[in-house]
Amino acid sequence: MIIRNGAVFKEDGTFRQEDLYVEGHRIVASEEEVTDRTEVDAKGLLVIPGLVDIHSHGAFGHDFSDADTEGLKTILKYERSCGITSYCPTSMTLPGEQLKEIFATAVEAAGTEGGAVIRGINMEGPFLDVKKKGAHVEGYIRKPDAEFFRELNAASGNMVKLVTLAPNTEGAMDFIDAVHDEVCISLGHTGADYETAYQAMKRGAHHVTHLYNAMMPLGHRDPGLIGAASDDPFCMVELISDGLHIHPSVVRATFRMFGSERVVLISDSMMATGMANGQYELGGQAVTVKDRKATLADGTIAGSATNLYDCMCKAISFGVPVSEAIFAATRNPARSIGIYDKVGSLTPGKEADILLVTPEMELKTVL
């Protein structure tokens, strides 16, 4: 396949008018390498990489934590239709045996035709701080346990790419020491102060789960996890830019604070994404969704009802430069979980996950 006349998004953040060549769902360097001569006219359109959502619990009426393979396949098809071509289904805090059943569905749903590709599993919990549990069930929270993690990871076929950890909990530093070379450790759902977070990062935890949410705020005398993440040049930070979790001013400030290479846009979407207002569930808890806002009975925000493509467009509408928003939804998440050699840019040798969008960022085609 040859994509003609489009403005192709390059690794330096610019758009260049050029043709893009695809052979066997791989981007190739020249037209001579293409055997399928199908042409797509992208005149007047931007050509950008497929989006990479590394933190999403569900969508379109289904939740990864339901342990329902067919439901997960439905999620993957919905995600691809919205321009998300790489996906990490994300679990909630639940008992170990239940998590094993949930993780097994990721193996069974892999390769869903017409769906986003599962690039790994995001294990959000159960190693959380009960005081910052958010929408997680307190009764299932447990101390960090490297062997428990390894048991779950083995049951998933070693698909776990991310695990959230509260660094201020008993055993957290030992956990980081034990597994930081095996999985990306993301600090979150924590009341940790700056020094505790800083020590965790020195030991190898270089990721933050949904920055600002379920953690201490950035204070000028007590900067907490947010300040520690800013000071760690290797730390990637997740950001939910749905217009509800974080004020637009703070979204803009985050991109200035962390630069174009360290912000990872996520959806944190739950099953109501793509659905009407109503009653839903997240990790077994009742959630009310009204005007895209998802809350528990006590008013706690329970994930989002917005997909990653819409979050990226929201960030742009808030004043984030287009190139930085695209990087934060493609390159940066791919780097954070170690798959940038496969996806995240339109570079020869990578998978041909390609979106055609208008200059106003309206999604037209998913290739």
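Below you will find a few notes about this structure. Given the structure is predicted, the values throughout are model-derived calculations rather than measurements.

About the cut-offs
- Residues numbered from 1 in each chain as written.
- Predicted model: local features only at pLDDT ≥ 70, side-chain atom pairs only at ≥ 80, totals over all residues.
- Heavy atoms only, no water.
- Pairing = 2+ DSSP bridges.
- Helix = DSSP H or I, 4+ residues; strand = E, 2+ residues; numbered from the N terminus.
- 1 Å grid on protein atoms, 1.4 Å probe; cavity = no way out; pocket = protein on both sides within 12 Å on 5 of 7 lines; lining within 4 Å.
- Points joined across faces, edges and corners; volume = space filled by probe spheres on them.
- Nonpolar A, V, L, I, M, F, W, Y, C, P; charged D, E, K, R; others polar.
- Axes fitted to C-alpha atoms, helices over the stretch in contact; angles between N-to-C directions.
- Buried < 20%, exposed > 50% of the residue type's maximum accessible area, 1.4 Å probe, protein only.
- Contact = heavy atoms within 4.5 Å.

### Things to note about the pairing of strand β19 (residues 278-282)
- Where β19 meets strand β20 (residues 285-290), five bridges bridge the pair, whose relative direction is antiparallel. Residue Y280 lies in a different strand from β20, and its bridge partner there is V287.

### Quick notes on the layout of surface pockets
- Of the pockets and cavities examined, the largest pocket occupies roughly 270 Å³.
- Partitioned by chemical class, the residues of the lining of the largest pocket number eight nonpolar, nine polar and five charged.

### So, the sheet that holds strand β4 (residues 20-23)
- Strand order in the open sheet formed by four strands is β5-β4-β1-β6, and the pairing between neighbours is mixed. Taken across any chain shown, the strands that pair with only one partner, and hence form the sheet edges, are β5 (26-28) and β6 (39-41). For this sheet, the mean angle separating the axes of adjacent strands, direction not counted, is 30°.
- Pairing between strand β1 (residues 2-4) and β6: three bridges, direction parallel. Bridging from a neighbouring strand, R4 pairs with D41 of β6.

### A short note on the side chain of N153
- Relative to the assigned elements, N153 resides in helix α3 (residues 146-155).
- Among the residues examined, N153 registers a relative accessible area of 8% and is labelled buried.
- If we ignore the near neighbours within four places in the chain, the residues touching N153 are N158, M159 and V160.

### Considerations on the sheet that holds strand β23 (residues 363-366)
- With mixed pairing, five strands are arranged side by side in an open sheet as β3-β2-β7-β22-β23. Edge positions in the sheet fall to β3 (15-17) and β23, since each has one partner strand and no second. Averaged over neighbouring strand pairs, the angle between their axes works out to 30° when direction is ignored.
- Relative to β23, strand β22 (residues 354-357) runs antiparallel, the two sharing three bridges. Across the sheet, residue V357 finds its bridge partner in β23, namely L363.

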